[in-house]
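Observations on the model geometry
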Amino acid sequence: RRFEHVLRALDALGIAYELNPRLVRGLDYYCHTAFEFVDTEHDGRQGTVLAGGRYDALFASLTGRDSDAGAQAGIGWAAGVDRLLLMRERLGLVHEQDSEPWAAIVTIHSDDGKDNSEIDKVAMQLAARLRRGGVRVHHDAAYAHIGMSKQMKRANKQLGDTWRWAVIIGHDELDTGQVKVKDMRDGSQRAVDLQDVVERLVGVVGTATTRLD
């Protein structure tokens, strides 16, 4: 079930992958999922640039606490920084500037038995689209189930003065096809078509103003 959830997320984000049941990492504490990110375009050769996996037993062995319920689960990975930087340069990716504003994705889950998976899927897709457009995005998917105010407090604590927009997605937003975008400087809020929100925010980044008109 966990592995199927990972695959559904990859499919939702349009990330290509190849299943390899014989994939082996050098450490024996991985469980459920192990992964490698591979660069297939460098001089016609294939090389791993990032790899890791999920580990539950490691926490149990270090803390003496049972992790069967998943409370102590974690994901770890290691990357070759030099190779990543070379790949970034080859692909012409723009370096992010510290002065650029952040957008935070805030989800509103229903607690009356409704399926919230579509909200999480749309939130992931929107975060990926914004990042590809050059917008820095805070999306704490692990806390998507907590209340909206708590998510806002977490984002504010982590982003501080660099936080400019909260993009709010819930069942009502999915029904109308419009997300709520809140300007964190002046508290103004407006509804923006889901299909247009990336273009609207990307159009503001790098300009003299950070106001969403």
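Placed above this text is the structure.
Rules behind the numbers
- Just so you know, the residues in each chain are numbered from 1, in the order the chain's sequence is written.
- Under the rules for a predicted model, residues below a pLDDT of 70 receive no local features and side-chain atom pairs below 80 are neither given nor counted, while totals for whole chains, interfaces and linings still include all residues.
- Hydrogens and waters are ignored; side-chain quantities use all the structure's heavy atoms.
- Burial here depends on accessible area, computed with a 1.4 Å probe over protein chains only, as a share of the maximum for the residue type. Under 20% is buried, over 50% is exposed, and the range in between is partly exposed.
- Per the convention used, a helix needs a DSSP run of H or I reaching at least four residues, while a strand needs a run of E reaching at least two, with both numbered from the N terminus.
- In this scheme, strands are said to pair when DSSP sees at least two bridges between them.
- Expected span, for any helix, means 1.5 Å times one less than how many residues it has.
- A contact between two residues is defined here by any heavy atoms of the two lying within 4.5 Å.
- Here a polar contact is recorded for every N or O atom pair within 3.5 Å, except that within protein the pair must consist of a potential hydrogen donor and a potential acceptor, and residues adjacent in sequence are included only if both atoms are side-chain atoms.
- Within this document, salt bridges are pairs made up of a side-chain nitrogen of Lys or Arg and a carboxyl oxygen of Asp or Glu, the two lying within 4 Å of each other.
- Pairing of aromatic rings covers Phe, Tyr and Trp, the last counted by its six-membered ring, and requires centre-to-centre distances within 6.5 Å; plane angles under 30 degrees mean stacked, over 60 mean edge-to-face, and any other angle means tilted.
- Two limits define a charge over a ring: the Lys NZ or Arg CZ must be within 6 Å of the ring centre, and within 35 degrees of the ring normal.
- Note on terminology: a nonpolar core comprises buried Ala, Val, Leu, Ile, Met, Phe, Trp, Tyr and Cys residues joined through side-chain atoms within 4.5 Å.
- Where helices are involved, their axes are fitted lines through C-alpha atoms of the stretch in contact, as for all axes, and angles between N-to-C directions lie from 0 to 180°.

Right, let's talk about the pairing of strand 6 (residues 163–170) for a bit. Counting buried positions along strand 6 yields 7 of 8 residues, so the element is predominantly enclosed. As defined by bridge partners, strand 4 (residues 102–108) adjoins strand 6 across 7 bridges and the pair is classed as parallel. Bridge pairing in strand 6 links Trp-102 to Trp-163.

Taking 1.5 Å per residue as the helical rise, helix 4 (residues 117–132) with its 16 residues ought to reach 22 Å, and the 23 Å between its terminal C-alpha atoms agrees with that figure. Listed as buried for helix 4 are Ile-119, Val-122, Ala-123, Leu-126, Ala-127, Ala-128 and Leu-130. Elements in contact with the buried residues of helix 4: helix 1 (2–13), strand 4, strand 5 (136–138), strand 6, helix 6 (171–176) and helix 7 (197–202). Residue Gly-134 follows helix 4 closely and has a positive phi angle near 100°.

Another aspect to go through is the side chain of Glu-173. Topologically, Glu-173 is positioned in helix 6. Reaching out from Glu-173, the side chain makes a polar contact with the backbone nitrogen of Gly-170 at a distance of 2.8 Å. When near neighbours in sequence (up to four residues on either side) are disregarded, Glu-173 contacts Ile-168, Gln-178, Val-179 and Lys-180.

The next subject is the pattern of salt bridges. Here the structure, examined in full by the defined rule, presents 4 salt bridges. Of the charged contacts, one joins Glu-173 and Lys-180 as a salt bridge, the two residues approaching to 2.4 Å between their closest N and O atoms. You can call Glu-173 buried: its relative accessible area is 5%. The partner of Arg-185 in a salt bridge is Asp-183, and the shortest N-O contact between them spans 3.6 Å. By relative accessible area, which is 46% here, Arg-185 ends up partly exposed.

Now for the packing of aromatic side chains. Here the structure, examined in full by the defined rule, presents 1 aromatic pair. Residues Phe-35 and Phe-37 carry aromatic rings whose centres are separated by 6.1 Å and whose planes lie at 85° to one another, so their mutual orientation is edge-to-face. A residue is classified by how much of its surface remains accessible, and Phe-35, at 21% relative accessible area, is partly exposed. Positioned above the aromatic ring of Tyr-143, the side-chain terminus of Arg-154 is 3.7 Å from the ring centre.

In this section: the nonpolar core. Core analysis: the biggest nonpolar cluster contains 19 residues, and Ile-105, Leu-126, Leu-130, Ile-169, Val-181, Val-197 and Leu-201 have the highest contact counts within it. Contributions of two or more residues to this core are made by strand 4, helix 4, strand 6, strand 7 (178–183) and helix 7. Per-element tally for this core: the top contributor is helix 4, with 6 residues. Those residues in contact with Ile-105, other than ones at most four positions away along the chain, are Ala-123, Leu-126, Ala-127, Leu-130, Val-137, His-138, His-139, Gln-151, Val-167 and Ile-169.

Strand order in this open sheet of 5 strands is 5-4-6-7-8, and the pairing throughout is mixed. The open sheet terminates on both sides in strands that have one partner only, identified here as strand 5 and strand 8 (189–193). Direction aside, neighbouring strands of the sheet carry axes that sit 30° apart on average. Taken together, the 4 bridges between strand 6 and strand 7 define a ladder with antiparallel strand orientation. By the bridge assignment, Trp-165 is partnered in strand 7 with Asp-183. Sheet strands touched by helix 4: strand 4, strand 5 and strand 6. Its angle to strand 4, the strand with the most contacts, is close to 170°.

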